[in-house]
Amino acid sequence: MSSQTTVTQNTTSGKSGDKVFKGLAYGAGIMILVALAAVTLFLLVRAMPLLTGSQKANEDTIVSFTGGQAHNFLQYVGPLVFGTILISALALLLAFPISVGIALFISHYAPRKLSTALSYVVDLLAAIPSVIYGLWGGIVLVPHITGFWKWVAQYLGWIPLFKGPAADPSRTVGTVSVVLAVMILPIITSVARDIFLQAPRLQQEAALAMGATKWEMIKLAVLPFGRSGLISASMLGLGRALGETMAVLMILSPGMSYSVKLLQASQNQSIAANIAAQFPEANDLGVSTLIATGLVLFLITFLVNFIARKITEKARA
Amino acid sequence: MRNNALIRSVAAISGFAMLAALAACGDNTSATSSSSASTSATASISGEFAGAGASSQQSAVEAWIAGFADKQPDAKISYDPSGSGAGVSTFLTGSTVWAGSDAAMTSDQVSQSKSVCATGTAFDVPVYISPIAIVYNLKSAGLNGTSKHLNLDGETIAKIFDGKITKWNDSAIAKMNPDAKLPDLAITVVHRSDKSGTTKNFVSYIKDTADAAWPYEVGENWPNNVGQGAKGTSGVITTVNQAEGTIGYADASQAGSLGTAAVKVGDDYVPYSADAAAKVVDASPKDDTATQKNRVVIKIDHNTTESGAYPVVLVSYDIACPAYKTAKNGEFAKQWLTYVVSEEGQKTAADSAGSAPMSASLRADVMKSINAIKTK
């Protein structure tokens, strides 16, 4: 805010500078639109052969991708969409409460020194590349979490989600969700923390003055203020989870079904990981098919963001 | 204060400059540079030569490139392990000198090659034979190790990999292994999750030896949802190592300390070895549908009864033109392929990639095609 006013105050003494900066800002704004349009166009053009080409060739390609389990594009992309949403939603479900907890701890509970250090660590977590998470998940977490999943399958197996027998090694949707949750945790946490820190001091003090406990104060003055921000934060996290490729590719044993058995292997696969797995050996039509699934992923992310915006607007109003 | 605005615009500009620089990094086309061809009679070659294709050949090709550099230090060779399908497509656009492929060309591809070769059509010759090991992890039962082998026949392997046999102490397995102490443990099948020539060759072995017990089509993708999928050979090996009771298939050179199956051939059980893999290739007929000139395509006889032959193998081909539009490329292709199939080249690959050296008779066969490459 302050920097903007500085620039406008100096317009008389720096007209040319102002013009250059305005041009650059416009350029940057337009560039992002052009980039988006270019990506959409690319996806549409490259996916075209699937719509216009011979149906027989399309069917052959999809049969070869799935070993005969799917025969047309809808049968192929359906389970992938399901898998993508299932994995990301689970990751969000796991990460959201923990993130909000960490953010509140940093903003309202921790002593100043600790909260600075903690913020730093959380931001650092966000900087770890996904392939590292993938390696860690695949090599370290998988063998160590198997015992826990077996325990879950034994005692909670009556819930369809946790139906056993738990796969060993547990390269399953359950494990992938845990890793993805860790990956999206820092994004949600850092956005939520910034919002909680902006919660109006006066309202918080008023709540305390009225005799509210700290938890009641947070419930009354902080959380309602941060609601729309929390939604944006989780959508940012969800966006990362939806598009996450390497970690899923390296951990999950993929499958093509509409199953919610989180502890069994070869049940689901995400669109992004599927593209990465199939692309290297795909022929021309195969590439078109994969790009078409990419287009579907693009639409899903678009839709998620759109809905998030609507919710945020409503919360603001 | 003015300074502030100035710094900002400088920062913005340098930001753009960095973006542009990054974008420039993107295009990295490795086309064969065809500078003025020096068509002298000397066999020395220089310049850049690119190949692309099967990732199964990658470590062998790397060793070959190092070995070839001793003979032709001025030839710069690159190989992009982009996969068999991508490798053949790239070759057919003319931007690579040769392609590596786990599958022989289709007739369509052969006729398409007319446009990239100076005369005639492209041909494929086997250059890399690799046994596929059926690996398992039964550590606690004491069945792991390089000298330990469970006996399995094609039908049993089919039933295991189709989820019909689910326990290690199943009577079908026990009958073939009277001496082994088989544990009461669930079988976890591990297969490739990406497209792979290894999968195709393994599945076609199962299909040929156990036809009724294997209801799926042969292809580069794993056909069922049994067990677990893992990416790449390393993924399969890692997964099999992570838990007991697992069974998978992978390039034999990567089997490490895992147990490997001896498969039934005739009345015997044969564990994998380089010699046994080379033997089955020699005992197998040529593919009679690959009739175009110079092609050497082998149709592996999975039901062979040749004693001491190991029928689960991957045969990978190199695809080249009989004549190139650039003479230099022809000279290179001829020397390169001659080196690759030479006794020395095959030994280099065996040492570095664990492949099975081609037999002398097969090499002689292949050399006929290679000698047909015109260098002028």
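Computed from a prediction, not measured in an experiment: that's the story for all the values here. (Residues numbered from 1 in each chain as written. Chains lettered and ligands numbered in written order. Predicted model: local features only at pLDDT ≥ 70, side-chain atom pairs only at ≥ 80, totals over all residues. Heavy atoms only, no water.)

**A look at the overall build of chain A**
In terms of regular secondary structure, chain A is built from 12 helices and zero strands. Along chain A, helices and strands appear, N-terminal first, in the series α-α-α-α-α-α-α-α-α-α-α-α. Taking the principal axes of the C-alpha coordinates as reference, chain A spans close to 65 × 60 × 35 Å. Summing over all exposed atoms, chain A offers an accessible surface of approximately 16,500 Å²; the carbon and sulfur share of this is 71%. For chain A, the distance from the average site of its 21 positive side-chain charges to the average site of its 12 negative ones is 9 Å. (Helix = DSSP H or I, 4+ residues; strand = E, 2+ residues; numbered from the N terminus. Areas by Shrake-Rupley, 256 points an atom, 1.4 Å probe, with all protein chains shown as cover. Lys, Arg positive; Asp, Glu negative; His and termini not counted. Charge placed at Lys NZ, Arg CZ, Asp CG, Glu CD.)

**A few points about the UniProt feature "transmembrane region" (unreviewed entry) in chain A**
Residues and elements named next belong to chain A. Residues annotated in UniProt with the feature "transmembrane region" (unreviewed entry) correspond here to residues 24–45, 80–106, 118–142, 172–192, 229–252 and 287–308. Taken end to end, residues 24–45 is 100% helix and 0% strand, and its two terminal C-alpha atoms sit 31 Å from one another. Taken end to end, residues 118–142 comprises 88% helix and 0% strand; its first and last C-alpha atoms sit 27 Å apart. (UniProt positions renumbered as here; feature names shortened; annotations may be inferred.)

**So, the domain arrangement of chain B**
For an interface, size is often stated in terms of accessible area lost upon the parts coming together. Residues and elements named next belong to chain B. According to the domain assignment, chain B contains domain 1 (47–130 + 284–300 + 313–372) and domain 2 (131–277). For domain 1 versus domain 2, the distance between C-alpha centres works out to 30 Å. Between domain 1 and domain 2, the contact holds 12 residues from the first and 10 residues from the second. Note on domain 1 versus domain 2: buried area summed over both sides is about 900 Å², and carbon and sulfur give 54% of it. Among the residues domain 1 hides against domain 2, the three largest losses belong to S130, V313 and L314. Together they make up 45% of the total. For the interface between domain 1 and domain 2, the tally reads zero salt bridges. (Domains from an automatic or database assignment. Contact = heavy atoms within 4.5 Å. Buried area = accessible area lost by both parts, 1.4 Å probe. Salt bridge = Lys/Arg side-chain N within 4 Å of Asp/Glu carboxyl O.)

**Side note on the domain arrangement of chain A**
Residues and elements named next belong to chain A. Considered domain by domain, chain A is made up of domain 1 (2–47) and domain 2 (56–316). For domain 1 and domain 2, the distance between their C-alpha centres works out to 32 Å. Contacts between the two partners involve eight residues from domain 1, matched on the other side by seven residues from domain 2. On the domain 1 side of the interface with domain 2, the three residues burying the most area are L43, R46 and A47, jointly 65% of the side's total. Viewed at the interface, domain 2 and domain 1 are joined by zero salt bridges. Put simply, domain 1 and domain 2 have one residue pair in polar contact (both at pLDDT 80 or more) between them. By residue class, the composition of the side of domain 1 that touches domain 2 is six nonpolar, one polar and one charged. (Polar contact = N/O pair within 3.5 Å; in protein donor to acceptor, adjacent residues only side chain to side chain. Nonpolar A, V, L, I, M, F, W, Y, C, P; charged D, E, K, R; others polar.)

**With respect to the packing of aromatic side chains**
Taken as a whole and assessed by the stated rule, the structure comprises 24 aromatic pairs over all chains. Here the aromatic rings of W98(B) and W336(B) are separated by 5.0 Å at their centres, their planes lie at 50°, and the arrangement is tilted. Of this pair, W98(B) sits in strand β3 (residues 98–101) while W336(B) sits in helix α10 (residues 327–341), placing them 238 residues apart in sequence. Using a relative accessible area of 1% as the deciding quantity, one classes W336(B) as buried. Ring-pair connections join several aromatic residues into one group, and the members of that group are F49(B), F68(B), Y79(B), W98(B), F332(B), W336(B) and Y339(B). Here the guanidinium or amino end of K214(A) rests over the ring plane of Y109(A), the centre of that ring lying 4.8 Å away. (Phe/Tyr/Trp six-rings, centres within 6.5 Å; stacked < 30°, edge-to-face > 60°. Buried < 20%, exposed > 50% of the residue type's maximum accessible area, 1.4 Å probe, protein only. Lys NZ or Arg CZ within 6 Å of the ring centre and 35° of its normal.)

**What to know about the UniProt feature "domain: ABC transmembrane type-1" (unreviewed entry) in chain A**
Per the UniProt record, the feature "domain: ABC transmembrane type-1" (unreviewed entry) sits at residues 81–308 of chain A. Between the first and last C-alpha atoms of residues 81–308 of chain A the distance is 19 Å; the span itself is 77% helix and 0% strand.

**Points about the interface of chain B and chain A**
With 36 residues of chain B at the contact, the number on the chain A side is 36 residues. The largest contributions to the chain B side of the interface with chain A come from K195(B), N225(B) and Q242(B), which together make up 22% of the buried area. The interface formed by chain B and chain A includes zero salt bridges. For the interface between chain B and chain A, the tally reads nine residue pairs in polar contact (both at pLDDT 80 or more).

**Observations concerning the state of the cysteines**
Residues and elements named next belong to chain B. This model, assessed by the stated rule, comprises one disulfide over all chains. One disulfide in the model links C117 with C321; its S-S distance is 1.8 Å. The disulfide joining C117 to C321 has a torsion of about -75° about its S-S bond and is therefore left-handed. In this pair, C117 sits in the loop between α4 (107–112) and β4 (123–136) while C321 sits in the loop between β11 (313–320) and α10, placing the two residues 204 residues apart along the sequence. Across the pair, C321 and C117 agree in class, each one buried. (Disulfide = S-S within 2.5 Å.)

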